[in-house]
Amino acid sequence: DPITTDMRTLTAEIEKFAKDKKIEIDTLKIREEYRKDFLGNVSHELKTPLFTVQGYLETLLDGAIEDKNVRRKYISRANKAVDRLIYIVKDLDLITKLEVGDLRLDKQDFDIIELIQNVFDLLEMKAAKNKIVLTFDILYDKPIMVHADREKIQQVLTNLLVNSIKYGNENGTTEVSVENLVKNKVIVRVTDNGDGIPKEHIPRLFERFYRVDQNRSRKEGGSGLGLAIVKHVIEAHGEKIYVESVLDVGSEFSFTLEKSKMQIQDKG
Ligand code: ADP
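Reading the values: rules and limits
Residues numbered from 1 in each chain as written. Predicted model: local features only at pLDDT ≥ 70, side-chain atom pairs only at ≥ 80, totals over all residues. Heavy atoms only, no water. UniProt positions renumbered as here; feature names shortened; annotations may be inferred. Helix = DSSP H or I, 4+ residues; strand = E, 2+ residues; numbered from the N terminus. Buried < 20%, exposed > 50% of the residue type's maximum accessible area, 1.4 Å probe, protein only. Contact = heavy atoms within 4.5 Å. Areas by Shrake-Rupley, 256 points an atom, 1.4 Å probe, with all protein chains shown as cover. Expected span 1.5 Å × (residues − 1). Polar contact = N/O pair within 3.5 Å; in protein donor to acceptor, adjacent residues only side chain to side chain. Core = buried A, V, L, I, M, F, W, Y, C linked by side-chain atoms within 4.5 Å. Pairing = 2+ DSSP bridges. Axes fitted to C-alpha atoms, helices over the stretch in contact; angles between N-to-C directions.

For the chain, an unreviewed UniProt entry supplies the name histidine kinase and the organism Maribacter chungangensis. Looking at the chain in UniProt, the text filed under Catalytic activity (unreviewed entry) is "ATP + protein L-histidine = ADP + protein N-phospho-L-histidine."

Here it is in structure tokens:
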């Protein structure tokens, strides 16, 4: 019966339309939830340092300003909290750019070993304070040239190494290695013998503001955006990031990079 067939087709079409619409509505809802969640997280992150600054300023105004030693101490603490605010806002700015795809990569050829050594030098004090040693797995006596955005990869390495310092054990070691993966790729590994991460948390680790231990992370001064930034930067390069971790044994974060043409010609 042609009419019944038509009706069936129509119903199917309407159903499909409704279904499509519903999916769309759901997506919007999810997006809206995500946005609310993000804003909630942001204000939460900003509140702590802001209240710290406010607390010190109010105490100073209440009379502490008269005492030369106290004055210095409180101003310097307020200043530290402002540093932290700036750090969080910078991370937020970067993650926003990364998420809306508004980040231009400025790729160039550079020596990844030299860059890692630079980051080691910059983090030397921080590592020493936490009694963590930063080392290479072997002696790299020749450059390993890669093709990537040097500044962004510096940020990736910094975030991974800072984490290994923050979540490492006293007298721990963080080892970095660079290996050939396939003909045109290297893999950079950052391995620590710190806390490790419980298995159930690993799938969510790269989400912004996701933390295994809220208190520990805040105390260590993270923005909760470090790994989200790492993932975005590596994926913007078209590369891959991996994590392996065992509780109380340690963690290994690794990512791939494209070799520069001269490196491939030089020795494959
Ligand atoms: P933050 O360190 O600011 O909290 P990240 O995005 O850098 O944010 O890391 C997310 C979470 O992953 C951290 O809070 C911590 O719980 C966990 N984590 C990251 N790196 C390590 C590591 N090397 N060892 C153990 N836990 C880690």
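**A look at the overall build of the chain**
Tallying secondary structure elements over the chain gives seven helices and seven strands in all. The N-to-C order of helical and strand elements in the chain reads α-α-β-α-β-β-α-β-β-α-α-β-β-α. The burial tally for the chain puts 38% of its 268 residues in the buried class. Summarising the internal contacts of the chain: among those between residues at least 6 apart in sequence, 74% fall at separations of at least 24. Summing over all exposed atoms, the chain offers an accessible surface of approximately 16700 Å²; the carbon and sulfur share of this is 54%.

**Observations regarding unusual backbone geometry**
Phi at Lys131 is positive, roughly 55°, even though this residue is not glycine. Relative to the assigned elements, Lys131 resides in the loop between α3 (112–129) and β2 (132–136). Under the relative-accessibility criterion, Lys131 is labelled partly exposed at 44%. A positive phi angle is found at Phe209, which is not glycine, with a value near 65°. Topologically, Phe209 is positioned in the loop between β5 (185–192) and α5 (214–219). Looking at Phe209, the relative accessible area reads 7%, which means it is buried.

**Overview of α3**
Between its first and last C-alpha atoms α3 spans 26 Å; for 18 residues at 1.5 Å apiece the expected length is 26 Å, and the two agree. Those residues of α3 that sit buried are Ile112, Ile113, Leu115, Ile116, Val119, Phe120, Leu123 and Ala127. N-cap assignment for α3: the residue whose side-chain oxygen lies 3.0 Å from the backbone N of Ile113 is Asp111. Two residues or fewer after α3 comes Lys131, characterised by a positive phi angle close to 55°.

**What about the nonpolar core?**
Core analysis: the biggest nonpolar cluster contains 52 residues, and Ile112, Ile153 and Phe255 have the highest contact counts within it. If one sorts the elements of this core by residue count, α3 sits on top with eight residues. Residues in contact with Phe255, not counting those within four places in the same chain, are Ile153, Val156, Leu157, Leu160, Val186, Ile187, Val188, Ile234, Lys240 and Ile241.

**Quick look at the sheet that holds strand β6 (residues 241–246)**
Strand order in the open sheet made by the five strands is β2-β4-β5-β7-β6, with mixed pairing throughout. At either margin of the open sheet sits one strand with a lone partner, and together these are β2 and β6. In this sheet, adjacent strand axes meet at a mean angle of 15° when their direction is disregarded. The pairing of strand β4 (residues 172–180) with β5 spans seven bridges and is classified as antiparallel. Paired with Asn180 across the two strands is Val186, which belongs to β5. Helix α4 (residues 150–166) contacts β2, β4, β5 and β7 (250–258) of the sheet and is inclined by roughly 170° relative to β7.

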